[in-house]
2 protein chains.
Amino acid sequence: MNAEIITIGDEILIGQIIDTNSAFLGKELNKIGASVYQITSIQDDKAHILKALAEAEANADIIIITGGLGPTKDDITKHTLCEYFDDELVENKDVLQHIEVLFSKYISSPISDVNRQQALVPSKAKVLNNRFGTAPGMWIEKNGKIFVSLPGVPYEMKALISNQVIPELRKTFNYPYILHKTLLTHGLGESALAARIEVFEDSLPSYIKLAYLPNLGRVRLRLSAKAMDKDLVEREMEKQINLLLPQIEDIFVGYEDEASLEAAIGKQLTDLGKTLAIAESCTGGSIAQSITANAGASKYYKGSVVSYATESKIKLLNVSEDTIKQHSVVSREVVEAMAKGVLELFDANYAISTTGNAGPSKGDADAEVGTVWISIASKGRIYSEMFDFGNHREKVIKKATNKAFEMLQKEIEKK
Amino acid sequence: MNAEIITIGDEILIGQIIDTNSAFLGKELNKIGASVYQITSIQDDKAHILKALAEAEANADIIIITGGLGPTKDDITKHTLCEYFDDELVENKDVLQHIEVLFSKYISSPISDVNRQQALVPSKAKVLNNRFGTAPGMWIEKNGKIFVSLPGVPYEMKALISNQVIPELRKTFNYPYILHKTLLTHGLGESALAARIEVFEDSLPSYIKLAYLPNLGRVRLRLSAKAMDKDLVEREMEKQINLLLPQIEDIFVGYEDEASLEAAIGKQLTDLGKTLAIAESCTGGSIAQSITANAGASKYYKGSVVSYATESKIKLLNVSEDTIKQHSVVSREVVEAMAKGVLELFDANYAISTTGNAGPSKGDADAEVGTVWISIASKGRIYSEMFDFGNHREKVIKKATNKAFEMLQKEIEKK
C-alpha cells in the first residue's frame, strides 16, 4: 500500500521554510501500514500541480497534498483540484458557518467576501472540518484512489490527519503491518559496526531491512519490517533483535524514542539519588542544555559554570593561575582542576568538565583546533581524556558533548 | 535556469528525520539565480533513483542529489549513478589518501576495505573533496546538464555546497538575478491585508510575485523578483517596497532577517568592546549554547552560571535567601538579583538572567508552567519582564531564549 506526499508552496522551494509536515505524515502513514513512496515539493503553479497529481496517481493509492489553501491570490490548490477532477466549487454551508463563528470569536479583522470564499469546496469532495482554521480539508476519491488536500499550517494539518484522515484511511484499505525498531549505539564507526554484524545482516529475512544512520560518533541501527501478518512481523523482529543485541552489547545505548543517552543518564542518577554539576569551557553550555532539555532534570542536575573566559576558571572554579600558566588552559591539569572545582562548588556527586578549542581559529591557549580535554570527577575519583574532534566548530562542540555523556555513563556504571 | 533537488534515504520517507538539507540548498541556489523547480525525496531503491534522475534531467539544468553515499549496504547512490551514466567505479588516489588520514587522525576504529571503497568514484565524475567526511562529492556533466551528488550529512553537504559547488555553478551558466524581500507584519489577518493592498498587488510587474505567509497573528509578505537585469530587479524592488510601506505602516514590524539575532548581538558587542555574562535557571544553558555556537564568541562572552538548583542561586549568584523566601524563586526580585550577581561575578558589561518553570509540572516555586522572568542588567540599569510561554517544555525554553536576545538587543541599542 503506497502513499505519496505532495507539499505545495514557493516558500519550501526557495528555502524560506523547512518542510516539517512531510516527516509527520511519513510517521503517521507508516503506523497504519502505508509506505510513503515519494515526497514531492512543488511551486504554487497550476501546470506543475496537475503534473504532480497525475504522477502521484500512477504510483500510489493514497495521495496527501498540503498547502496552497489560503484566501489570497497566490494560493491556487483548490481551483487546480477542480480542474484535475473535472469538478466545480460549491459553497458548503457548514464550513461557512464555522468561518463566521471563527471570525466573531477570535479574529479582530472584519469578515470579508474573500474569507467567505474559504467555504467553497469541489462538489466531489467530502469536507474535513478544520477546527483550528478557515480552510477545510478535502477528501476526494477517484478510481479507488484517495486524494486528501490539507492546509499547510502544521497544527491545522496535524489535527486533521490524526482526528479524521488516519481513522478514515484505516477503514478504506487493507494494510500490511510496518514496524521500525531503532537501536542507538556509540563508540564504533559505521563501517566497523557493519563489518561486525555482517553475518547477521546477510541472514535477515527478505521483509526486514537494516539501515545505518551515523551521526557524530553515534550510529543508529534501524530494522524495518513489513508484512501482512502482524504476528509474524512482531515475532521475527523480536527474534532478530535478540540475535543482534549480544553482538553490540558493549556499544548499545538503548532504543530510539525510548531513550537518549542523556535521558538514560538522568534516570540512572535519579535512581541512585546522585547529582551532577558541569564546568564547560569550549562546549559553551551545550552539555547543560542537553541535560535540561529533559523534563525532570532538576532531580539530579545542580547546575553549571560556563567558564568561557580564562579568568572565570580561576575565580569561579578555583583553578590556580600557576596551573594554567604552566600547562596552558587546554590541558589535563586544568580540566581536572575544573572538574574538582565545580564538584565542590555545587556539592555534587559527579562532575563533567571540558576545555579545548572548538575553532575556527587558535585561541589564547595555542591548542590546535579540535583539541578537547574532557574530565569526569566523582568523590575520590577522576578520569580524563584528550580528543581531537576535527576542525568544524559545530561538530567539535556536538562530539565533545556526546563523548562527555558517554564517559559519564561509564563512570556511573562502575559504581 | 532551473534546478531540482533529489534527497535519497528511507529515513526521510518514514519520517525518522526532517529533511533540512533541501531548504539550505533552495536558499543557496536562489542566491546565484537558480530556481528550484522541484524537491523530490525518494527511497534507497535503484529503480526509483533512476526514475527520479531521468525526470529531473527532463525538467532542470542543475540536479543536486544528497544521501546514500555511506559505506554500508543500504547506501546505493554511487552504484546507481554508474548505471545511469553508463559508467564504472574507479579508485581515486587523493580520496583514498584523505580517508587514510581521517582514520589515522580522528577515528578510533581500524580502517577496513569497506572504508577504502569510499574512494571509488564514477570515472566520469569530477571529485569534490569532503574535508569533513569520507564520502566525496561528485560532479558529473551530461548534455550540458550538471549532476552533483553529495553526502546527506548536513555539515558535510553544506561545506561542499558553499566552498565548491556554488562557485563552480556560478562559472557554468548565465543566471538571472533573483531577489526576495520579506516584510513582517502583525495584527492584521491575511485576507484583510490582501484586501487592503489589492491595487498594489494587481499593479506589480510580471516578474515580481507577492506571497502571503500567515503564522499565528503575524503575516509575512514576500516579494520575489526574477529577471536577467540585476539593476532592473533591484530598482523595481525598491520602488515597489516604497509603494507598499505607506500602506502597511501601522502593522509593519521589519524585514525578515537573514542573520541570526545572536550573531548580530555578537557583532554589536564586539564593535562596542563590551562583554556579556549569563545566569540561567529555567533555560538551562540554552542561551549560553546559542551564544557560543557563533565563532568569535570569546571576544565578548565571559561565561555563565546555570543555577538550576535553588541553593546555587544563593551560593554562586549572591541571591539572598530572604528574597527567595519572600518572593519565591520565580519572581522579579530573584531574576534581578541573579542578573546583578552574575554581572558582578564575571565583571561583565551586560548580563542576562532567567528564572521560571519550563514544565512539564510545577516545580519548587509553585510558578505556573510557562511562567518565565527575564532580566537584562548593565551597570546602573536593570530591566525585567515576565512572560507566559505556554505549556510545551521545549518551546518554553526556546521562546525564553529568543526573547532574552530580543531584550538584550534593545538594551544595547539604547546606549
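This text gives an overview of the structure that appears in the document. (Residues numbered from 1 in each chain as written. Chains lettered and ligands numbered in written order. Predicted model: local features only at pLDDT ≥ 70, side-chain atom pairs only at ≥ 80, totals over all residues. Heavy atoms only, no water.)

1. Quick notes on the overall build of chain A
Helix and strand content of chain A: 16 helices and 17 strands. The globule rule puts the C-alpha radius of gyration for 415 residues at 22 Å, and the 28 Å found for chain A is more than 25% above it. Dimensions of chain A, computed from the C-alpha atoms along their principal axes, are close to 80 × 60 × 40 Å. Counting over 415 residues, chain A shows a buried share of 60%. Summarising the internal contacts of chain A: among those between residues at least 6 apart in sequence, 67% fall at separations of at least 24. Looking at chain A as shown, the accessible area adds up to about 17000 Å², and 49% of this sits on carbon and sulfur atoms. Averaged over its 47 positive side-chain charges, chain A has a centre that lies 5 Å from the centre of its 56 negative ones. (Helix = DSSP H or I, 4+ residues; strand = E, 2+ residues; numbered from the N terminus. Rg over C-alpha atoms; globule rule 2.2 N^0.38 Å. Buried < 20%, exposed > 50% of the residue type's maximum accessible area, 1.4 Å probe, protein only. Contact = heavy atoms within 4.5 Å. Areas by Shrake-Rupley, 256 points an atom, 1.4 Å probe, with all protein chains shown as cover. Lys, Arg positive; Asp, Glu negative; His and termini not counted. Charge placed at Lys NZ, Arg CZ, Asp CG, Glu CD.)

2. With respect to the interface of chain A and chain B
Think of interface size as the accessible area that goes away when the parts come together; that is how it is often given. Taken together, the contact pairs 99 residues of chain A with 96 residues of chain B. Across the chain A/chain B interface, buried area totals approximately 7300 Å², and carbon plus sulfur atoms make up 52% of it. It is I14, Q16 and Y308 of chain A that lose the most area in chain A upon contact with chain B, and together they represent 8% of the buried surface on that side. On inspection of chain A and its partner chain B, the count reaches eight salt bridges. The shortest N-O distance in the salt bridge between E198 of chain A and K73 of chain B comes to 3.7 Å. For the side of chain A that touches chain B, the per-class residue count stands at 37 nonpolar, 37 polar and 25 charged. (Buried area = accessible area lost by both parts, 1.4 Å probe. Salt bridge = Lys/Arg side-chain N within 4 Å of Asp/Glu carboxyl O. Nonpolar A, V, L, I, M, F, W, Y, C, P; charged D, E, K, R; others polar.)

3. Let's talk about the side chain of E262 of chain A
Residue and element names in this part refer to chain A. With respect to the helices, strands and loops of the structure, E262 is situated in helix α11 (residues 261-272). Of the residues examined, E262 reaches a relative accessible area of 12% and is grouped as buried. Residues within four places of E262 in sequence aside, it is in contact with R218, S290, N294, Y300 and F405.

4. Points about the packing of aromatic side chains
Per the counting criterion, the structure on display carries 16 aromatic pairs over all chains. Centre to centre, the rings of F85 of chain B and F147 of chain B are 4.9 Å apart; their planes meet at 85°, and the pair counts as edge-to-face. Taken together, the residues F85 of chain B in the loop between α4 (77-84) and β4 (89-91) and F147 of chain B in strand β8 (residues 145-150) connect sequence positions 62 residues apart. Given a relative accessible area of 6%, F85 of chain B falls into the buried group. A residue is classified by how much of its surface remains accessible, and F147 of chain B, at 1% relative accessible area, is buried. Taking 6.0 Å as the distance between ring centres and 85° as the angle between the ring planes, the aromatic pair formed by F173 of chain B and Y175 of chain B counts as edge-to-face. For the residue pair F173 of chain B and Y175 of chain B, the accessibility class agrees, reading buried in each case. One aromatic cluster is present, built from ring pairs that chain together Y84, F85 and F147 of chain A. (Phe/Tyr/Trp six-rings, centres within 6.5 Å; stacked < 30°, edge-to-face > 60°.)

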